[in-house]
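For reference, the chains in residue letters:
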Amino acid sequence: MSSASAAMFVYVGNSDSQDVTVLALKPNGDLTLVETKIVPGPNKPGGSLPLAVSPDKRWLFAGLRNEPFSVTTFGIDGKTGRLTRVGSGPLPYSMAYLSVDRTGKFLAGAAYSGHKVAISPIGGDGIVQAAKQIVAGRPNAHCVAFDPTNQYLLNTSLGGDLIFQDKFDAKTGTLAPNMPPTVSVKAESGPRHLVFSSNKRGKRFVYVVSELDGAISVFPWNAKTGALGKEVQVTTSLPKDFGGKAWAADIHLTPNGKFLYASERTSSTLAAFSVDRKTGILTAIESFPTETQPRGFNIDPAGRFLLAAGQLSNSMTVYSIDKRSGELSKLNDYPMGKNPNWVEIINTRR
């Protein structure tokens, strides 16, 4: 299967080389290099290179965390996966995380050092425009995620040990505090990334990984009110006999909601869990060794493969996911650019 006929494509943001590695993901888990695309901007690289994909898979957004802060829009060729630069738009701050709302008309960004969240309109040509709303008072804002209904947005505050809950108006592209406006996690745990469960029926849950202690918190999610309920579980992403300083990073669920994975950078491991989809409770499977300092990873839309990038190894490993046990089996590893830290996987087949 050539890259020209593949429908599954992988995009890896490499911050030190300031480029995006584009690969075709084959049905057997093999990767084929399509191209490496430079993200134009200042010579001095930023700490990471966050990526986001529009819901219709037409656009890839790459945010630069070096001044002057900007986000470049690339058009995605649905047949080849290749990227064509459309243009660049301004970002008000250095954004640690980017997320596109489900209409594809607005880009949300979390400014870690700016302690703010910003909402920017996306033009019909895909280019991001000047921020329409900037919300201050978000200590070390790290992740911004629109809920499945597109009526709410959750934002982790790593410095405040809070999860901010906002109402989102998809017509105007504006945020307003929900009730309650925040939910607390354990002090000095540092909530970093979160993911919504994929349950289409019954209860939904939100899973939050905390950077500073490696905890994973499980919250019931009320889709009608857009509010988190009381924590039902706190477990850990740290491997057994861990003796270092926790430095957890990313978290993802398989599309069917059966398994959850979280990366931990100090031990360079991926923690795997089975999920009780009725209660939300996690049961540890195992911690698997992975690339050195795995800041970003992702799971393909079919839930068959997990791809983890290593910031210090400058490579990425593909694992197969056992559909019954959730265990990971290494298939192969591939060279990336310098400091790969963000992974997006899309299926462009219509």
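Please refer to the structure higher up on the page.
Residues numbered from 1 in each chain as written. Predicted model: local features only at pLDDT ≥ 70, side-chain atom pairs only at ≥ 80, totals over all residues. Heavy atoms only, no water.

## Re the side chain of Thr-72
Here's step 1: With respect to the element layout, Thr-72 can be found in strand β6 (residues 70-76).
Here's step 2: Side-chain polar atoms of Thr-72 contact the side chain of Ser-88, separated by 2.8 Å.
Here's step 3: Apart from residues no more than four positions distant in its own chain, Thr-72 is found in contact with Val-39, Pro-40, Leu-60, Phe-61, Ala-62, Arg-85, Gly-87 and Ser-88. (Helix = DSSP H or I, 4+ residues; strand = E, 2+ residues; numbered from the N terminus. Polar contact = N/O pair within 3.5 Å; in protein donor to acceptor, adjacent residues only side chain to side chain. Contact = heavy atoms within 4.5 Å.)

## Considering the pairing of strand β1 (residues 8-14)
Here's step 1: In terms of burial, β1 is largely enclosed, as seven of its seven residues are buried.
Here's step 2: Residues Met-8, Val-10, Val-12 and Asn-14 of β1 are buried on one face, and the alternating residues Phe-9, Tyr-11 and Gly-13, pointing to the opposite face, are buried as well.
Here's step 3: Across seven bridges, β1 lies against strand β29 (residues 340-347) in antiparallel orientation. Counterpart to Met-8 in the pairing with β29 is Asn-347.
Here's step 4: Pairing of β1 with strand β2 (residues 19-25) involves six bridges; the strand directions are antiparallel. Looking at the pairing, Val-10 lines up with Leu-23 of β2.
Here's step 5: Between the end of β1 and the start of β2, which pair antiparallel, lie four residues, with Gln-18 showing a positive phi angle near 50°. (Buried < 20%, exposed > 50% of the residue type's maximum accessible area, 1.4 Å probe, protein only. Pairing = 2+ DSSP bridges.)

## Some words on the packing of aromatic side chains
Here's step 1: Taken as a whole and assessed by the stated rule, the structure comprises five aromatic pairs.
Here's step 2: A centroid spacing of 5.2 Å and a plane angle of 75° characterise the contact between Tyr-97 and Trp-342, whose relative ring orientation is edge-to-face. Note that Tyr-97 is positioned in strand β8 (residues 95-100) and Trp-342 in strand β29, a separation of 245 residues in sequence.
Here's step 3: Judged by relative accessible area, Trp-342 falls into the buried class, the value being 11%.
Here's step 4: Centroid distance Phe-106 to Phe-168: 6.1 Å. Interplanar angle 80°. Geometry classified as edge-to-face. Taken together, the residues Phe-106 in strand β9 (residues 106-111) and Phe-168 in strand β14 (residues 162-169) connect sequence positions 62 residues apart. Phe-168 matches Phe-106 in its accessibility class, with the two residues each being buried.
Here's step 5: Through successive ring pairs, a cluster of aromatic residues spans Phe-106, Phe-146 and Phe-168. (Phe/Tyr/Trp six-rings, centres within 6.5 Å; stacked < 30°, edge-to-face > 60°.)

## Some details on the pattern of salt bridges
Here's step 1: For the coordinates displayed, the defined rule picks out five salt bridges.
Here's step 2: Among the ionic pairs, Glu-35 bridges to Arg-82, the shortest N-O distance being 3.3 Å. You can see Glu-35 sitting in strand β3 (residues 31-38) and its partner Arg-82 sitting in the loop between β6 and β7 (83-90), a full 47 residues away along the chain.
Here's step 3: Judged by relative accessible area, Arg-82 falls into the partly exposed class, the value being 41%.
Here's step 4: A salt bridge links Arg-265 to Glu-211, with the shortest nitrogen-to-oxygen separation between them at 3.6 Å. Remark: Glu-211 occurs in the loop between β17 (204-210) and β18 (215-222) and Arg-265 occurs in the loop between β22 (259-264) and β23 (269-275); sequence separation between them is 54 residues. Across the pair, exposure class does not vary: Arg-265 and Glu-211 are buried alike.
Here's step 5: When salt bridges with common partners are traced through the structure, they connect Arg-192, Glu-211 and Arg-265 into a single cluster. (Salt bridge = Lys/Arg side-chain N within 4 Å of Asp/Glu carboxyl O.)

## Observations concerning the sheet that holds β9
Here's step 1: Read across the open sheet, the four strands follow the order β8-β9-β10-β11; overall the sheet is antiparallel. In this open sheet, the two strands that pair with only one neighbour each are β8 and β11 (133-135). Along the sheet, successive strands turn relative to each other by an average axial angle of 15°, direction set aside.
Here's step 2: Direction of pairing for β8 relative to β9: antiparallel, over a ladder of five bridges. Bridge pairing links Ser-99 to Ala-108 in β9. (Axes fitted to C-alpha atoms, helices over the stretch in contact; angles between N-to-C directions.)

## Some words on the pairing of strand β10 (residues 116-121)
Here's step 1: Along β10, five of the six residues are buried, which leaves the element largely enclosed by surrounding structure.
Here's step 2: Both β9 and β10 contribute to a ladder of six bridges, which runs antiparallel. Within β10, the residue paired with Ala-110 across the bridge is Val-117.
Here's step 3: Of the pairings in the sheet, the one linking β10 to β11 comprises three bridges and is antiparallel in character. The residue bridging Ile-119 from the neighbouring strand is Gln-133, located in β11.

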